[in-house]
Amino acid sequence: MEFKHLKSILEKHNLWAKKSLGQHFLMDESVCQKIVHNLDLKGQTVVEIGPGPGSLTDILLKAEPAFLLAIEKDQRFINILKEFENPVNTAFTIVQADALNVCISKLLSEHGKAGPYHIVANLPYNVGTELLIRWISDIENITSITVMLQREVVDRMTALPGTKDYGRLAIVLQSCFDIQELFQISPEAFIPPPKVWSSVAFLKPRKDVPEPNVIKTLGKLTNMAFCYRRKMLRASLGKSLPLTLWQKLCDTLNIDETRRPEELDTHTFLAMAQICSKEQI
Ligand code: SAM
């Protein structure tokens, strides 16, 4: 596929972008190449979410993964994608599905491909963070995730304690992944242009990923703590948790309960979650 023809393909098939599906199509080949540039995908299993008309798909196929599974919700793109030519060493499968409702490992094994996989995607922005959180449950099978999202979401994913962007998303994701912002993209790279800049993030599962029950508790604790972001911890967590447990957390982890949630680092939240999960919180 040639990028210069992408616009005419969209026009020919009358494929206007659906706002409800977060559709902003990448028209800039160099951006797609930059997304894939540092990934060694040859011979690997790769999953693309939301291929749309296939600009990123085309570049992914050129990287010659052993298997590329594309999951697209919008039926209109399925036939266009089926016309793509695969490199000889790549098996390419398109599944029409809502990525929010699929377990990627299960889907891969239904296609005879068990084992680790990379996710690469220009994500639909309206469900991007929800997808990232859901993928944590399959983290042991994930080699890497490279995703494009709104720049402000990537800011929240990579935020450090004490900053305005630091919150639940940073704490939960950084407890599970090492996260790096790769580069930013201006709205003109897309049709239609989004209102905001975008950013590409690279996530690599940490070696010490917490147990699933600890991650679940971390989600609950950060919800309690950041529900009242401006309140002191004793007024949020202190009121939501059983008093003896809250005192145990403060004593064991040396937490000053007059501090605000954004002042606690991810290690402290994780340590709290480890203690609380033993108490069935
Ligand atoms: N990859 C294409 C590109 O870069 O030009 C399209 C990216 S567009 C931002 C997001 C794509 O995700 C659209 O093709 C949209 O139809 C698809 N999509 C939206 N919600 C989805 C969902 N829940 N599951 C799977 N695909 C979805």
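Shown above is the structure to which this text applies.
Each chain has its residues counted from 1, following the order in which its sequence is written. Where local features are concerned, this predicted model is filtered to residues with pLDDT of at least 70; where side-chain atom pairs are given and counted, the filter is 80 or more; whole-chain, interface and lining totals use all residues. Hydrogen atoms and water are omitted, and side-chain values are computed over all heavy atoms in the structure.

Q: Looking at this structure, I do not really get the site of the ligand. What am I missing?
A: Looking at the ligand, there are 21 residues lining it, with Gln-23, Leu-26, Gly-50, Glu-72 and Asp-98 nearest. Counting of polar contacts relies on pairs of N or O atoms within 3.5 Å, with two restrictions inside protein: one atom must be capable of donating a hydrogen and the other of accepting it, and residues adjacent in sequence are counted only when both atoms are side-chain atoms. Within the backbone of Leu-26, a nitrogen or oxygen atom sits 2.8 Å from an oxygen atom of the ligand. One nitrogen or oxygen atom from the main chain of Gly-50 is found 2.8 Å from a nitrogen atom belonging to the ligand. Exposure was quantified through the Shrake-Rupley algorithm and a 1.4 Å probe, taking into account, for residues, occlusion by the shown protein chains and nothing else. The fraction of the free accessible surface of the ligand (590 Å²) that becomes covered by protein chains is 99%. Amino acids are sorted into nonpolar (Ala, Val, Leu, Ile, Met, Phe, Trp, Tyr, Cys and Pro), charged (Asp, Glu, Lys and Arg) and polar (every other residue, Gly among them). Split by residue class, the shell around the ligand holds 9 nonpolar, 7 polar and 5 charged. If even one non-hydrogen atom of a residue comes within 4 Å of a molecule or strand, that residue is called near it.

Q: What is the right way to look at the packing of aromatic side chains in this model?
A: Where two aromatic rings form a pair, the distance of their centres and the angle of their planes describe that pair. Here is the rule: rings of Phe, Tyr and Trp (six-membered ring for Trp) pair when centre to centre is within 6.5 Å. Planes less than 30 degrees apart are stacked, more than 60 are edge-to-face, and the remainder are tilted. Within this structure, the stated rule accounts for 4 aromatic pairs. Between Tyr-166 and Phe-226, the ring centres sit 6.4 Å apart and the planes meet at 75°, which makes this aromatic pair edge-to-face. Separated by 60 residues along the polypeptide, Tyr-166 in the loop between helix 7 (151–158) and helix 8 (168–176) and Phe-226 in helix 9 (residues 212–227) bring together distant segments of the chain. Each member of the pair Tyr-166 and Phe-226 is classed as buried. Note on Phe-226 and Phe-269: the rings are 5.8 Å apart at their centroids and 35° apart in plane angle, and the pair reads as tilted. Residue Phe-226 is located in helix 9, and its partner Phe-269 is located in helix 12 (residues 266–278); the two are separated by 43 residues in the primary sequence. Accessible area is worked out with a 1.4 Å probe on protein chains only. A residue is then buried under 20% of its type maximum, exposed over 50%, and partly exposed in between. According to the relative accessible area criterion, Phe-269 is buried, its value standing at 0%. Through successive ring pairs, a cluster of aromatic residues spans Tyr-166, Phe-226 and Phe-269. In this scheme, the term charge over a ring applies when either NZ of a lysine or CZ of an arginine sits within 6 Å of the ring centre and within 35 degrees of the ring normal. Over the ring of Phe-183 we find Lys-34; its NZ or CZ atom is 4.4 Å from the centre of that ring. For the purposes of this entry, the term helix denotes a DSSP run of H or I that reaches at least four residues, the term strand denotes a run of E that reaches at least two, and both are numbered from the N terminus.

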